[in-house]
Amino acid sequence: MKILYFAWVRQKVGRGEETVERTAGLRTVGDLAAQLHARGGGYADAFGDMSRLRAAVNQAHAAFDAAIADDDEIAFFPPVTGG
Amino acid sequence: MNANIHIQVEDFDVSEEIDALTAEAPRIGAVATFTGYVRGDDGLTALTLEHYPGMTEGEIARIAAEAASRWSVAGVTIIHRIGRLEVGQRIVLVAVAASHRGAAFAACEFLMDYLKTRAPFWKMEERENETGWVEAKASDDAAAGRWREN
């Protein structure tokens with residue numbers, strides 16, 4: 001899976017993207033977020049309060065209970081502030 | 001309906017964009033436009049806009065298609081600038097061409113409300129001695145939410 005981070009999520013984790021192998025227990029966006037949070041450091045900071053995060057799967061807004069698959073592009077970011 | 005969607009660093013000329021939009025739909029009777037600028041309140045000096053390339057264009061296209069399904073719209077142009085913009089500079093343009101003003105006004109407002117709550121852009125503010133990310137506003141969610149009720 002390709003994982004992307006934007007805005008302060010990107011700053012806290014210290015990178016804009018990375019590749020993560022999907023393991024058997026990773027079924028949803030929320031599972032992935034919990035695994036990233038467990039890495040500690042900047043990840044624990046970025047994923048410490050999931051209510052402040054939004055996600056997208058394959059470039060469309062997705063809820064944290066949305067399913068994920070091996071070749072998905074998954075993004076984590078704060079609520080959007082354009083316009 | 002034709003949707004012209006541009007994510008760009010460069011400024012835009014509103015008059016030229018209206019001319020280009022009406023050239024694509026010469027039989028329309030109305031164009032409504034909204035232009036957003038960097039507002040200089042609370043000591044703000046500049047904004048830096050980040051976005052999610054690919055998703056941004058896709059999300060705006062979905063929003064434009066939604067507008068076209070609700071109102072009789074001949075064409076839209078949506079331009080959103082990215083990068084560092086100082087107070088007073090243009091950020092965003094929404095222009096809607098339609099046969100009548102009612103559809104043009106309504107679709108223009110709808111597009112702006114949805115752009116603010118759905119399109120993946122993030123603003124970082126610069127003040128004299130600090131920078132920080134703009135927090136999403138509940139009032140923007142409320143503005144977008146009212147379109148679901150009618």
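Each value, and the rule that gives it
- Residues numbered from 1 in each chain as written.
- Chains lettered and ligands numbered in written order.
- Predicted model: local features only at pLDDT ≥ 70, side-chain atom pairs only at ≥ 80, totals over all residues.
- Helix = DSSP H or I, 4+ residues; strand = E, 2+ residues; numbered from the N terminus.
- Rg over C-alpha atoms; globule rule 2.2 N^0.38 Å.
- Buried ≥ 20, exposed ≤ 12 C-beta atoms within 10 Å, placed from the backbone.
- Contact = placed C-beta atoms within 7 Å.
- Axes fitted to C-alpha atoms, helices over the stretch in contact; angles between N-to-C directions.
- Parallel < 35°, antiparallel > 145°, perpendicular 65-115°, else oblique.
- Left-handed = near helix turned anticlockwise from the far one by under 90°.
- Nonpolar A, V, L, I, M, F, W, Y, C, P; charged D, E, K, R; others polar.
- Expected span 1.5 Å × (residues − 1).
- Arc of directions from axis to C-beta.
- Pairing = 2+ DSSP bridges.
- pLDDT = per-residue confidence, 0-100.

Quick notes on the overall build of chain A
Counting secondary structure elements, chain A contains 3 helices and 5 strands. The N-to-C order of helical and strand elements in chain A reads β-α-β-α-α-β-β-β. Taken against the 2.2 N^0.38 rule, which gives 12 Å for 83 residues, the C-alpha radius of gyration of chain A at 12 Å falls within 12% of a compact globule. A principal-axis box enclosing the C-alpha atoms of chain A has dimensions of 35 × 30 × 20 Å. Residue burial in chain A is summarised as follows: out of 83 residues, 28% are buried. Residue pairs in contact within chain A that sit at least 24 positions apart in sequence constitute 55% of those at least 6 positions apart.

Concerning the packing of helix H2 (residues 55-70) of chain B against helix H3 (residues 101-118) of chain B
All names here are of chain B. Axis separation between H2 and H3 bottoms out at 10 Å; the angle between their running directions is 150°. Relative to H3, H2 is oriented roughly antiparallel. Crossing handedness for the pair H2 and H3: right-handed. Only Ala107, Phe110, Leu111, Tyr114, Leu115 and Arg118 of H3 make contact with H2, whose side of the interface consists of Glu59, Ile60, Ile63, Ala64 and Ala67.

Considering the interface of chain A and chain B
Chain A puts 13 residues into the contact, and the matching count from chain B is 22 residues. Where the side of chain A that touches chain B is concerned, the elements lending two or more residues are helix H1 (7-13) and strand S5 (73-77) of chain A. In terms of residue class, the side of chain A that touches chain B is made up of 9 nonpolar, 4 polar and no charged.

Remarks on H2(B)
Look at H2(B): 23 Å from first C-alpha to last across 16 residues, which is about the 22 Å you get at 1.5 Å a residue. Considered for burial, the residues of H2(B) that qualify are B:Met55, B:Thr56, B:Glu59, B:Ile60, B:Ile63, B:Ala64 and B:Ala67. Down the axis of H2(B), the buried side of the element spans an arc of 165°, and every buried residue falls inside it. Projecting away from the buried face of H2(B) at angles above 90 degrees are the exposed residues B:Ala65 and B:Ser69. Where H2(B) is buried, its residues contact strand S3 (54-57) of chain A together with strand S1 (2-8), strand S3 (46-51), strand S4 (73-81), H3 and strand S7 (121-126) of chain B.

Examining unusual backbone geometry
Residues other than glycine predominantly adopt negative phi, and peptide bonds predominantly adopt the trans conformation. A positive phi angle, near 55°, is found at A:Ala7, a position not held by glycine. In this structure, A:Gln59 is a non-glycine residue whose phi angle is positive, near 65°.

Examining the sheet that holds strand S5 (residues 83-86) of chain B
Residues and elements named next belong to chain B. If you trace the 4 strands from one edge of the open sheet to the other, you get S5-S3-S7-S8, paired in antiparallel fashion. One side of each edge strand has no neighbouring strand; the edge strands of this open sheet are S5 and strand S8 (131-133). In this sheet, neighbouring strand axes are inclined to one another by 25° on average, regardless of whether the strands run parallel or antiparallel.

Describing the confidence of the model for chain B
Where the model shows low pLDDT, its predicted coordinates should not be examined in detail. Confidence in the prediction of chain B, expressed as mean pLDDT, is 95, and 99% of residues score 70 or more. In the predicted assembly, ipTM is 0.95 and pTM is 0.94.

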